[in-house]
Amino acid sequence: MEISSPQFYKNKDVTKAFVNYLKERLKKFSNLKIMEFCGTHTHNIFQYGFRYAFKPNLSFIAGPGCPVCVTSDYELAEVFYLLEKENVGIITYGDMLKVPYKGKSLLDFRSDGYSIEIAYSALDAINIAEKNSQKEWVFLGIGFETTIPATAALIEMIIKRKIKNLSVLSFHKNTRSIISALSSIGELKVDGIFLPGHVSAVVGWQYFEDINNFRIPSVVVGFDPLDILYGLYELINMIESGEVGIKCCYKRAVNEKGNTKMLISIGHYFDNVDCNWRGLGVIKNGGFDINTEFEQFNARKRYDFTDFRFDINKNECSCGEVLLGKIEPTDCPSYEIICTPDTPIGPCMVSHEGTCLAYYKWSRING
Ligand code: SF4
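Residues numbered from 1 in each chain as written. Predicted model: local features only at pLDDT ≥ 70, side-chain atom pairs only at ≥ 80, totals over all residues. Heavy atoms only, no water.

Undergrad: I'd love a proper account of the overall build of the chain, names of residues and values included.
TA: Broken down by element type, the chain carries 15 helices and 11 strands. Relative to the globule expectation of 21 Å for 367 residues, the C-alpha radius of gyration of the chain, 21 Å, shows essentially globular dimensions. Across its three principal axes, the chain shows a C-alpha extent of roughly 65 × 45 × 40 Å. Here the chain holds 367 residues, and the buried ones make up 56% of them. Residue pairs at least 24 apart in sequence account for 76% of intrachain contacts in the chain once pairs closer than 6 positions are excluded. Summed over its atoms, the accessible surface of the chain is roughly 16200 Å², and 50% of this surface lies on carbon and sulfur atoms. One finds the centroid of the 40 positive side-chain charges in the chain at a distance of 3 Å from the centroid of its 43 negative side-chain charges. (Helix = DSSP H or I, 4+ residues; strand = E, 2+ residues; numbered from the N terminus. Rg over C-alpha atoms; globule rule 2.2 N^0.38 Å. Buried < 20%, exposed > 50% of the residue type's maximum accessible area, 1.4 Å probe, protein only. Contact = heavy atoms within 4.5 Å. Areas by Shrake-Rupley, 256 points an atom, 1.4 Å probe, with all protein chains shown as cover. Lys, Arg positive; Asp, Glu negative; His and termini not counted. Charge placed at Lys NZ, Arg CZ, Asp CG, Glu CD.)

Structure representation (structure tokens):
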């Protein structure tokens, strides 16, 4: 099987041999801590059995890499505020539907008769708005740099098709900002970092060069078993030799500068803004909002927010601490007892990229 074949990166025999080799290499370490910044890595590391394979010499720590999970209560409050406006409906990706805020989710509002539609891509929002033209629709822009180009394409389509009843409420987050934010609050106590492969494919690995300030070895990693092991192999090499900086271990998808077209579309429609993250509060330049040139498509400008109030929502959920890697989901008193995928208390148990869901789903199989 050729190394260039996609199937190679899933090869079971090579994976098994690589795991055994890395176990030997890791014997000299007591407990290396590697943080992954992508929910897909969190799930795949579980799914392939790597979360437990290298213990006690190495632990993977899930960081704030699930876009639905880092969407803050403040932002959810904005959605519920808009829902109460006359004739306004919400269009969202499915994972957001079950995220509770003050004990109620969008799904509950939907059962109460509010207009909430699910989109499978940003462009679905066009069809929904055109088919239901008597209503005003707000699309929730969720995700990191990976999904912003799709929201940018949506705005472009709204303009081209002269759609008057559709705007965007942007919750898009800036991945780069999170590493310095974690460092500034002293929560980046790790020996190595797995940088997200999907985001890096859009922005290029150089985007993360601020990591050099924190002197933590970091690798851009893909998602198949051998991608993850190769990333780990390079991290071990860096840790052993005292090397810091960024290495790209996902060159079949990621280059230094990223995808020029996508970066241009992000820059055309969006500005970097301060942004509220779950568990971290407001992060400087932590998000993206629609810029002033296109503000007529920004729901925060289209609708009157003068009466908007936000009360801090106190509940039994520890998602904030899970997202910072301070605790594992199993340390949360609600885990499995009152919080399950059917009865989620927080977003980390809802989203398919959420850490609590990953623990719930995979630790029973692999633990
Ligand atoms: S187990 Fe549930 S309540 Fe606890 S942190 Fe996770 S999502 Fe929140």
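Moving on from the coordinates now.
Undergrad: So what's going on with the pattern of salt bridges? Residues and values would help.
TA: Going through the model one piece at a time under the given rule, you end up with 17 salt bridges. Between R51 and E36 there is a salt bridge; the shortest N-O distance is 2.7 Å. With a gap of 15 residues between them, R51 in helix α3 (residues 50-53) and E36 in strand β1 (residues 32-36) connect regions that are remote in the sequence. Of the two residues, R51 and E36, both sit in the buried class. Note that E234 is salt-bridged to K247, the shortest N-O span being 3.4 Å. (Salt bridge = Lys/Arg side-chain N within 4 Å of Asp/Glu carboxyl O.)

Undergrad: Explain empty space enclosed by the protein residue by residue, including any values.
TA: One way to see where empty space is left: roll a probe the size of a water molecule over the atoms. Within the structure shown, the criterion is met by one cavity of 30 Å³ or more. Taken as a whole, the largest cavity holds about 90 Å³ of empty space. Taken together, 13 residues make up the lining of the largest cavity; nearest its centre are C317, S318, C332, C339 and C356. Classifying every residue of the lining of the largest cavity gives nine nonpolar, three polar and one charged. (1 Å grid on protein atoms, 1.4 Å probe; cavity = no way out; pocket = protein on both sides within 12 Å on 5 of 7 lines; lining within 4 Å. Points joined across faces, edges and corners; volume = space filled by probe spheres on them. Nonpolar A, V, L, I, M, F, W, Y, C, P; charged D, E, K, R; others polar.)

Undergrad: Explain the side chain of E78 to me, and be specific about the residues and the numbers.
TA: Counting through the fold element by element, E78 comes out in helix α5 (residues 73-83). A distance of 2.9 Å separates a polar atom in the side chain of E78 from a polar atom in the side chain of R300. Those residues within four positions of E78 in sequence are excluded, and the remaining contacts are L169, F171, R300, F305 and F308. (Polar contact = N/O pair within 3.5 Å; in protein donor to acceptor, adjacent residues only side chain to side chain.)

Undergrad: If you had to explain the sheet that holds β1 to someone new, which residues and values would you point to?
TA: Adjacent strands of a sheet form backbone hydrogen bonds with each other and so pair up, either parallel or antiparallel. Strands sit in the order β2-β1-β7-β8-β9 across an open sheet of five strands; the sheet is parallel. Edge positions in the sheet fall to β2 (58-62) and β9 (246-248), since each of these pairs with one other strand and no more. Neighbouring strand axes in the sheet, compared pairwise and without regard to direction, differ in orientation by 25° on average. Sheet topology note: the strand β7 (residues 192-196)/strand β8 (residues 218-221) ladder contains four bridges and is parallel. Following the sheet pairing, I193 is matched in β8 by S218. (Pairing = 2+ DSSP bridges. Axes fitted to C-alpha atoms, helices over the stretch in contact; angles between N-to-C directions.)

Shape descriptors only; they carry no functional weight alone.
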